[in-house]
Amino acid sequence: MKQKKFIAIYENLRTDIIESKLPYGAQLPSENELVYDYNASRETVRKALNLLVRDGMIQKIKGKGSVVIYQGITEFPFANLTSFREVQQGLGLSHETEVRLLERIPASEVPEVKKALDLRQSETLWHIIRTRKIDHRVKIIDEDYLVEKIVPDITMNIAKDSLYHYIEQTLELEISYSNKSITFESFGNLECEIFGDVTPPYTATVRGIVHLKDTTKFQYNISKHLATEFKFNDFSRRHKI
């Protein structure tokens, strides 16, 4: 099936923005120029620009046209359920993961997680805390609880590399979708230690329950992002990359 022209224009412009060919603050070509460059109708061009506005990539400013507002900081695409490693590789950003904690704990120690994952008191969880650096600065704190009987034998190397790669490639399980909720929360001691002196001292905290294809719940994730550098859509589905 032939791709619609406005989608092709949108994807070309989006790629140019992500790759900084059109950097933050740059002005896009005018609608007239885009009509000429792409040999397209004005309506087609406007549809493509509206998608970029929807994605938070550009802002239409009266008298100035369309200006790039995307800064490539912590845009995490929740419309697709994607691992941190996949996101950063896709965007071509310098990234680093540090595993601060890897332990086994009984589900009874975390009643909220036990209830969310429908677990029995005696079941065991992996508890993992990782920090995510982009360009040598921590932008995300990820805390994960995974059901051990579903995801066994997690090592420090697996946690540092990619849990989803291990689950899908080694364990041959298919991750399907996630339900997420978001709250904005003030820094606690951990956030102050890791993020440092940030104004305002708030995180956009995303709590998610991740399911396998057969709807089994296997992961509870708490992802804390700097509130000023966060974009969110509330439903995620896993797509293989």
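Residues numbered from 1 in each chain as written. Predicted model: local features only at pLDDT ≥ 70, side-chain atom pairs only at ≥ 80, totals over all residues. Heavy atoms only, no water.

Student: Honestly, the pattern of salt bridges in this entry has me stumped. Any pointers?
Tutor: Oppositely charged side chains are able to pair whenever their charged atoms sit close together. Considering all chains together, one arrives at 12 salt bridges under this definition. Its salt-bridge partner being E31, residue R46 comes within 2.9 Å of it at the nearest N-O pair. Residue R46 is found in helix 3 (residues 42–54), and its partner E31 is found in helix 2 (residues 31–38); the two are separated by 15 residues along the sequence. Judged by its relative accessible area of 22%, E31 falls in the partly exposed class. In this structure, the salt-bridge partner of E174 is K213, at a minimum N-O distance of 3.9 Å. Remark: K213 occurs in the loop between strand 8 (202–212) and strand 9 (217–226) and E174 occurs in the loop between helix 7 (163–170) and strand 7 (175–186); sequence separation between them is 39 residues. Take E174: its relative accessible area is 37%, and that puts it in the partly exposed class. By relative accessible area, K213 is classed as exposed at 58%. Because the salt bridges share partners, they merge into one network encompassing E31, R42 and R46. (Salt bridge = Lys/Arg side-chain N within 4 Å of Asp/Glu carboxyl O. Helix = DSSP H or I, 4+ residues; strand = E, 2+ residues; numbered from the N terminus. Buried < 20%, exposed > 50% of the residue type's maximum accessible area, 1.4 Å probe, protein only.)

Student: What am I meant to see in helix 7 here?
Tutor: An α-helical turn contains 3.6 residues, so a residue and the one three or four places further along point in the same direction. L163, Y164, Y166, I167 and E168 are the residues of helix 7 that are buried. A positive backbone phi angle near 55° is found at E172, which sits one or two residues after helix 7.

Student: How should I be thinking about the pairing of strand 6 (residues 137–147) in this particular structure?
Tutor: Successive side chains on a regular strand alternate, one facing one side of the sheet and the next facing the other. Buried residues dominate strand 6, accounting for 10 of its 11 residues. Direction of pairing for strand 5 (residues 124–134) relative to strand 6: antiparallel, over a ladder of 10 bridges. Residue pairing in the sheet places H127 in a bridge with Y145 of strand 6. Following strand 5, the chain reverses through 2 residues before pairing antiparallel with strand 6; D135 in that reversal takes a positive phi of roughly 50°. Relative to strand 9, strand 6 runs antiparallel, the two being bridged by 7 bridges. Within the sheet, the bridge partner assigned to E143 lies in strand 9 and is I222. (Pairing = 2+ DSSP bridges.)

Student: Which parts of the structure should I look at to understand helix 3?
Tutor: Between the first and last C-alpha of helix 3 there are 18 Å, a value that for 13 residues agrees with the 18 Å anticipated at 1.5 Å per step. Those residues of helix 3 lying buried are T44, V45, A48, L49, L51 and L52. Along helix 3, the residues classed as buried sweep out an arc of 150° about the axis, all on the same side. In this structure, the buried residues of helix 3 make contact with helix 1 (5–18), helix 2, strand 1 (58–61) and strand 2 (65–68). Two residues or fewer after helix 3 comes G56, characterised by a positive phi angle close to 75°. (Expected span 1.5 Å × (residues − 1). Arc of directions from axis to C-beta. Contact = heavy atoms within 4.5 Å.)

Student: It is not clear to me how unusual backbone geometry should be interpreted in this structure. Could you clarify?
Tutor: A negative phi angle characterises most non-glycine residues, just as the trans form characterises most peptide bonds. In the segment running from T199 into P200, the intervening peptide bond is cis, with an omega of -5°. Relative to the helices and strands, P200 is located in the loop between helix 8 (189–195) and strand 8. The backbone of D118 shows a phi angle near 55°, a positive value even though the residue is not glycine. Here D118 lies in the loop between helix 5 (111–116) and strand 5. Of note in the backbone geometry, D153 takes a positive phi value of approximately 60° without being a glycine.

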